[in-house]
Amino acid sequence: MFKLSKLSLIQPFKPVSLLVWLAIALWSIGLGWGITHTLEAIAASPDDAVSARFEAGKELYRETCGSCHLALPPDVLPTETWQKLLEKPNDHYGTSIPNLIRLSQLLIWDYLRTFSRPIPTKNDPIPFYVAQSRYFKILHPRVEFTDPVTHKSCIVCHPGVKSFNFRTLTPQWDDAP
Ligand code: HEC
Ligand code: HEC
């Protein structure tokens, strides 16, 4: 299994002709555009202004990671959690994530790492459940969670979860001070 952390390593320089580089660059831009446009047509919630650069990753994330359970918003867990989960699709809470091809993996990773934060202190454990996540707590200053919160309970207070909208709240919370 490859490590995502290695992906950004710069390859040692080899004298490849400028034309080859240009072709590769144009091809990747074209590919990026194609995917983005196709997926934009399937289209996301209007609530979340995610720039076109991350739109494909976001849609792939929602498709790939929202089929068995709710696709959680990236900011409720630290970047390290997403990285570990993407690195080990075959060892996922006792099951395995099918159809996670390399390109989807890269686009999803690009989206998740951009919209999450790393764990601030070294040696802190990586949370694998929202209930253990510090960022989840920080995003909920008004809420005292009595029962352990899971992906199944978001809908209790967030009626828009199906359209990946975590901003709209039930009236009970909207009206509360
Ligand atoms: C084949 C089904 C399946 C797919 C596809 C899937 N998961 Fe999961 N996921 C699970 C199961 C099963 C659990 C454990 C749920 C539980 O304990 O209630 C889980 C739990 C999780 C949790 C913890 C949720 C919590 O309540 O704290 C996270 C985070 C998560 N998955 C992320 C992902 C990501 C990211 C992807 C896509 C790369 C993904 N999942 C795709 C089956 C899946
Ligand atoms: C008991 C009600 C409740 C539950 C359950 C709940 N939330 Fe929230 N959530 C809130 C409230 C209320 C806010 C607004 C912040 C505050 O007042 O604490 C919020 C805010 C958020 C935000 C920030 C939204 C923004 O403005 O950008 C995110 C993201 C979020 N919740 C995700 C989740 C996820 C994911 C789950 C399930 C794992 C979940 N919440 C479960 C009540 C809840």
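This one's a predicted model, so the numbers in the text were calculated from it and none came from an experiment.

**Section: the coordination of the iron atom of ligand 2**
Coordination of the iron atom of ligand 2 by the protein comes from His140 (NE2) and His158 (NE2), over a distance range of 1.9 to 2.0 Å. With 6 donor atoms in place around the iron atom of ligand 2 and angles of 87 to 179° between them, the coordination shape is octahedral. In this pair, His140 is assigned in the loop between helix 5 (134-138) and helix 6 (154-157) and His158 in the loop between helix 6 and helix 7 (171-175), connecting sequence segments 18 residues apart. For the pair formed by His140 and His158, the shared burial category is buried.

**Remarks on the pattern of salt bridges**
Counted under the stated rule, the structure contains 3 salt bridges. Here Arg113 ties to Asp110 by a salt bridge, and the two come within 3.5 Å at their closest N and O atoms. You can see Arg113 and its partner Asp110 sitting in helix 4 (residues 102-114), 3 residues apart, about one turn around the helix. Of the residues examined, Asp110 reaches a relative accessible area of 13% and is grouped as buried. Note that Arg134 is salt-bridged to Asp124, the shortest N-O span being 3.0 Å. Here the residue Arg134 occupies a position in helix 5, and Asp124 occupies one in the loop between helix 4 and helix 5, the gap between them amounting to 10 residues. For Arg134, a relative accessible area of 46% gives the class partly exposed.

**Thoughts on the site of ligand 2**
Surveying the vicinity of ligand 2 reveals 21 residues, the closest of which are His140, Arg142, Cys154, Cys157 and His158. Contact between ligand 2 and His140: a nitrogen atom at 2.8 Å from a side-chain N or O atom of the residue. Contact distances for ligand 2 include 3.4 Å between an oxygen atom and a side-chain N or O atom of Arg167. For the shell around ligand 2, the class distribution of residues is 14 nonpolar, 4 polar and 3 charged.

Conventions we followed
Residues numbered from 1 in each chain as written. Chains lettered and ligands numbered in written order. Predicted model: local features only at pLDDT ≥ 70, side-chain atom pairs only at ≥ 80, totals over all residues. Heavy atoms only, no water. Donors = N, O, S within 2.8 Å, 3.2 Å for Na, K, Ca; no water. Tetrahedral: all angles 85-135°; square planar, octahedral: opposite > 155°, others 65-115°. Helix = DSSP H or I, 4+ residues; strand = E, 2+ residues; numbered from the N terminus. Buried < 20%, exposed > 50% of the residue type's maximum accessible area, 1.4 Å probe, protein only. Salt bridge = Lys/Arg side-chain N within 4 Å of Asp/Glu carboxyl O. Near = heavy atom within 4 Å. Polar contact = N/O pair within 3.5 Å; in protein donor to acceptor, adjacent residues only side chain to side chain. Nonpolar A, V, L, I, M, F, W, Y, C, P; charged D, E, K, R; others polar.

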